[in-house]
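So you can see what is in the structure, the chains are spelled out below.
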Amino acid sequence: MSSDKIDQTESVHGGDVKALPMRSITMPVAIASTFRFDSTAALQAHLRGDAPQPDYARYSNPTVREAERRLARLAGAEDAVLMASGMAAVTTSLLTFLSAGQHMIFLSDVYRPSREFIGATLRRFGIQSSCVSPDDVSAIEDAMQDNTRVIFCEFPTNPHLRVADLRAISALKKKRRGVQLIVDATLASPLNARVLALGADIVIESATKFLSGHNDLVAGVVCGRSGRVEAVRELRSLLGPTLDAQTAYLLLRSLKTFALRMKAHNEHALAVAEALEAHPNVERVFYPGLASHPDHAVASDLMSGFGGVVSFHVRGDLDAASAVVDRVRLIQHGASLGGAESLIHQPAIFSYSDLTSEERAAQGIADNLIRVSVGLEEATDIVADLYQALEG
Ligand SMILES: Cc1ncc(COP(=O)(O)O)c(C=O)c1O
């Protein structure tokens, strides 16, 4: 069963009000590495799939399973599988649907570790890739080869918030048998885009971000049709990046406020983006909710909200941008996004600091780029903090 609408009722209950074990209002945390069988007949019924039960926690755990059920509903998916991180979700999904000798297309401006996994690790195992701009559907068509099996993109991308036309990509993909569209929709979150309904075969979220929302856990989820999710689950069981029950419980707890939080992130980020665009010390703002964003029309068509991440170029060089980062007081300097606490991040001195300025520019990362994860503090306080930092 999947939900058509995500609101606070869905967020709190995850479907009909449900009787949980031990008459508990909340899902109990099953802290066990292994589960017993009442008889050999029960084991055989479990193995046949007639009476499934948890057996070993690397394969399944009741608390994790309940979180998976809830996440599948949020994504409008038949099933979901949880992982120990968003990267585990990305890497395990790609490894599930690609083999040596095959080819994939990925859209540029993706999270750097995902790009490195595609460009270095998958290449090492004989999987070639082509990188295409997110706004160029005809270039995707041109990049298609007979052995192309996956198109991978972020929705929106991190850090420039590019929004690809998933409907057009999905239509293109349907002309080729056996090509999967895998979308990392971490920055949209399920509240802002029904990515599977737009034509994706698999949707991935780093649940570390908006789904959990408190900057206190690391998790990832893969959602889609049961058969595809089962294939990813089987590889997860072999590779081993299973989520533990306590983290799954924290995630379940967070989901109860997901719609409330996400709506606030959307509102606050739009206010921050508009305020930044009006500031003379800001050269350019990247936020799909702004009319100035190159993908504003596509985003307005495919998304119901534009998310909680805003990137911008400070007027000036690397040091001018670093000075802004050093001057914020409410916003904290750190990696990640999607939490209650606003965070600021300058890719050139953090996630891309091992590259030269020229190498970064070749990857589209300007020295004066700043990314803000707009949190749940009052929007006026976040704007005031950025303004005093920009004026410092
Ligand atoms: C778009 C995107 N995908 C995946 C990840 C990886 O998630 P995790 O840190 O949970 O492994 C991140 C992390 O920032 C991200 O921004």
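Criteria and cut-off values
- Residues numbered from 1 in each chain as written.
- Predicted model: local features only at pLDDT ≥ 70, side-chain atom pairs only at ≥ 80, totals over all residues.
- Heavy atoms only, no water.
- Salt bridge = Lys/Arg side-chain N within 4 Å of Asp/Glu carboxyl O.
- Helix = DSSP H or I, 4+ residues; strand = E, 2+ residues; numbered from the N terminus.
- Buried < 20%, exposed > 50% of the residue type's maximum accessible area, 1.4 Å probe, protein only.
- Domains from an automatic or database assignment.
- Contact = heavy atoms within 4.5 Å.
- Buried area = accessible area lost by both parts, 1.4 Å probe.
- Polar contact = N/O pair within 3.5 Å; in protein donor to acceptor, adjacent residues only side chain to side chain.
- Nonpolar A, V, L, I, M, F, W, Y, C, P; charged D, E, K, R; others polar.
- Near = heavy atom within 4 Å.
- Pairing = 2+ DSSP bridges.
- Axes fitted to C-alpha atoms, helices over the stretch in contact; angles between N-to-C directions.
- Phe/Tyr/Trp six-rings, centres within 6.5 Å; stacked < 30°, edge-to-face > 60°.

A short note on the pattern of salt bridges
Stage number 1. Following the criterion strictly, the structure yields 21 salt bridges and no others.
Stage number 2. Between Arg167 and Asp301 there is a salt bridge; the shortest N-O distance is 3.3 Å. Note that Arg167 is positioned in helix H7 (residues 166-174) and Asp301 in helix H12 (residues 296-302), a separation of 134 residues in sequence.
Stage number 3. For Asp301, a relative accessible area of 52% puts it in the exposed group.
Stage number 4. The partner of Arg233 in a salt bridge is Glu230, with the nearest N and O atoms 3.4 Å apart.

Remarks on the domain arrangement of the protein chain
Stage number 1. By the assigned domains, the protein chain splits into domain 1 (8-255) and domain 2 (258-391).
Stage number 2. Its C-alpha centre places domain 1 at a distance of 26 Å from the equivalent point of domain 2.
Stage number 3. Opposite the 37 residues of domain 1 that make contact, domain 2 presents 41 residues.
Stage number 4. Taken over both partners, the interface formed by domain 1 and domain 2 buries close to 3300 Å², and the fraction arising from carbon and sulfur atoms is 55%.
Stage number 5. Scanning the region where domain 1 abuts domain 2 turns up three salt bridges.
Stage number 6. Residue Asp295 is joined to Arg162 by a salt bridge in which the shortest nitrogen-to-oxygen separation is 2.7 Å.
Stage number 7. At the junction of domain 1 with domain 2, the criterion picks out 27 residue pairs in polar contact (both at pLDDT 80 or more).
Stage number 8. When contributions to the side of domain 1 that touches domain 2 are tallied by element, the ones reaching two or more residues are helix H1 (8-13), helix H5 (112-124), H7, helix H8 (189-192) and helix H10 (245-255).
Stage number 9. No other element matches the four residues that H8 contributes to the side of domain 1 that touches domain 2.
Stage number 10. Of the residues that constitute the side of domain 1 that touches domain 2, the class distribution is 18 nonpolar, 12 polar and seven charged.

Some thoughts on the site of the ligand
Stage number 1. Taken together, 13 residues sit near the ligand, with Gly86, Met87, Asp184, Ser206 and Thr208 positioned nearest.
Stage number 2. Within the contact set of the ligand, an oxygen atom lies 2.8 Å away from a backbone nitrogen or oxygen of Met87.
Stage number 3. Split into classes, the residues belonging to the shell around the ligand amount to four nonpolar, six polar and three charged.

So, the sheet that holds strand E11 (residues 343-345)
Stage number 1. As summarised here, the arrangement of the five strands in space is E8-E9-E12-E11-E10, forming an open sheet in which the pairing is mixed. Lying at the two open borders of the sheet, with one neighbouring strand each, are strand E8 (282-286) and strand E10 (332-333).
Stage number 2. Pairing of E10 with E11, which is carried by two bridges, proceeds in the parallel orientation. Residue Gln332 lies in a different strand from E11, and its bridge partner there is Leu343.
Stage number 3. Contacts from helix H11 (residues 258-277) reach E8 and strand E9 (309-314), with the element oriented near 15 degrees to E9.

Side note on the environment of Phe35
Stage number 1. Mapped onto the secondary structure, Phe35 falls in the loop between H1 and helix H2 (40-48).
Stage number 2. Along the chain, Phe35 and Asp301 lie 266 residues apart, while their C-alpha atoms are 47 Å from each other.
Stage number 3. Contact partners of Phe35, with chain neighbours within four places excluded, come to Gln53, Pro54, Asp55, Tyr56, Ala57, Ser60, Asn61 and Pro62.

Considering the packing of aromatic side chains
Remark: the centre distance and the inter-plane angle together describe each pair of aromatic rings, the angle taken between the planes.
Stage number 1. Evaluation of the coordinates by the stated rule reveals two aromatic pairs.
Stage number 2. Their ring planes at 75 degrees and their centres at 6.3 Å tell us that Tyr287 and Phe306 sit as a pair that is edge-to-face. Remark: Phe306 occurs in the loop between H12 and E9 and Tyr287 occurs in the loop between E8 and H12; sequence separation between them is 19 residues. Across the pair, Phe306 and Tyr287 agree in class, each one buried.

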